Amino acid sequence: MASIAIDGPAGAGKSTIAKCVAKELGFIYVDTGAMYRSMALYFLRNQIPAGDEEKISEACRDITVSLAYENGEQQVLLNGENVNAFIRTEEVSRMTSDTSKYPKVREKLLSLQRDLAKEKDVIMDGRDIGTCVLPDADLKIYLTASSKERARRRYLEQRERGIACELDQIEKDIIARDEQDMNRAVAPLRQAEDAVLVDASDMTIREVVEKFISLYREVQRTKTGSNRS
Ligand code: DC
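Predicted model only: the values in this text are computed from it and were never measured. (Residues numbered from 1 in each chain as written. Predicted model: local features only at pLDDT ≥ 70, side-chain atom pairs only at ≥ 80, totals over all residues. Heavy atoms only, no water.)

1. A look at the pattern of salt bridges
Next up, step 1: The final tally for this structure, using the stated rule, is 19 salt bridges.
Next up, step 2: One salt bridge connects Arg94 with Asp173, and the closest N-O pair in it is separated by 3.5 Å. Here Asp173 lies in helix α8 (residues 167-183) and Arg94 lies in helix α4 (residues 90-99), a separation of 79 residues in the sequence.
Next up, step 3: Here Arg94 falls in the partly exposed class, since its relative accessible area comes to 42%.
Next up, step 4: When its relative accessible area of 15% is taken as the criterion, Asp173 is described as buried.
Next up, step 5: A salt bridge links Asp138 to Lys223, with the shortest nitrogen-to-oxygen separation between them at 2.8 Å. Here Lys223 lies in helix α9 (residues 205-228) and Asp138 lies in the loop between α6 (129-133) and β7 (139-144), a separation of 85 residues in the sequence.
Next up, step 6: The class of Lys223 is partly exposed, set by a relative accessible area of 41%. (Salt bridge = Lys/Arg side-chain N within 4 Å of Asp/Glu carboxyl O. Helix = DSSP H or I, 4+ residues; strand = E, 2+ residues; numbered from the N terminus. Buried < 20%, exposed > 50% of the residue type's maximum accessible area, 1.4 Å probe, protein only.)

Written out as structure tokens, the structure is:
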């Protein structure tokens, strides 16, 4: 099976790009952030404080996360309930960054993510895909953009959804979450040694998609070449 791993900070455009690339290559897009978000939603709904690692770890036993695809769109099921509509709020974003640092939370999702990549050609995005989940991915990309640009995109996205927000506050939240995701002990966000760095600050979506496709075609050519020799 073929796999593409995409990591990078919040708001770099990973999911938008990965969805387009998946469509063009006929791969399944796997949004691992959505899985962590669904677990955070469970902790919020059950009023388990983010700082209580013991309670969070215990609660992991009561959670089952699974994925389904509707018209090609990934749906996350939390104990059988489709929670896609509830996992994109700022409150859930914060809770996700606060709780995805715990080993028990990560353990819960790791095998599910690896199993998906065994069954299908996948393009998977997150924070630790190239470094931890799929260390043997055919192509690894670290996608980033300046915090200003990432905040601006998130701001426009939230406004489009009709959610009131402040640009400055969004940038502060993004920086705080990245700090936390990069500095945690388990599976921190970092560029894998063999990942290609793509800075999308001054690139259009189409340009980034084409860059990804051409990187993947290059990998395929190298593979075919080395299989022949
Ligand atoms: O990509 P996202 O914004 O939906 O991710 C939400 C949070 O989940 C982010 O703060 C970090 C965490 N996450 C993670 O720890 N590991 C992943 N593979 C994906 C997301």
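After presenting the structure, the write-up continues.
2. Some points on the sheet that holds strand β4 (residues 73-78)
Next up, step 1: If you walk across this open sheet you meet the three strands as β3-β4-β5, and the pairing is antiparallel. On the outer flanks of this sheet lie β3 (65-70) and β5 (81-82), each paired with one strand and no other.
Next up, step 2: The sheet contact formed by β3 and β4 spans six bridges and is antiparallel. Across the sheet, the residue bridging to Glu70 is Glu73, located in β4. (Pairing = 2+ DSSP bridges.)

3. Let's talk about the side chain of Ser3
Next up, step 1: Relative to the helices and strands, Ser3 resides in strand β1 (residues 3-7).
Next up, step 2: Those residues in contact with Ser3 that lie beyond four places of it in its chain are Val122, Leu134, Ala137, Asp138 and Leu139. (Contact = heavy atoms within 4.5 Å.)

4. Looking at the layout of surface pockets
Next up, step 1: In this structure, the largest pocket occupies an estimated 1,100 Å³ of space.
Next up, step 2: Lining the largest pocket we find 50 residues, and of these Gly11, Ser15, Arg88, Arg154 and Glu157 sit closest to its centre.
Next up, step 3: Considering each element in turn, the lining of the largest pocket owes the most residues, eight residues, to helix α7 (residues 147-160).
Next up, step 4: Across the lining of the largest pocket, the residue classes tally to 14 nonpolar, 15 polar and 21 charged.
Next up, step 5: Put simply, the second largest pocket is a space of about 240 Å³.
Next up, step 6: Considering the residues around the second largest pocket, the lining is formed by Lys19, Cys20, Ala22, Lys23, Phe27, Ile28, Tyr29, Tyr69, Asn71, Gly72, Glu73 and Gln74.
Next up, step 7: When contributions to the lining of the second largest pocket are tallied by element, the ones reaching two or more residues are α1 (14-25), β2 (28-31) and β4.
Next up, step 8: Counted by class, the lining of the second largest pocket contains six nonpolar, three polar and three charged residues. (1 Å grid on protein atoms, 1.4 Å probe; cavity = no way out; pocket = protein on both sides within 12 Å on 5 of 7 lines; lining within 4 Å. Points joined across faces, edges and corners; volume = space filled by probe spheres on them. Nonpolar A, V, L, I, M, F, W, Y, C, P; charged D, E, K, R; others polar.)

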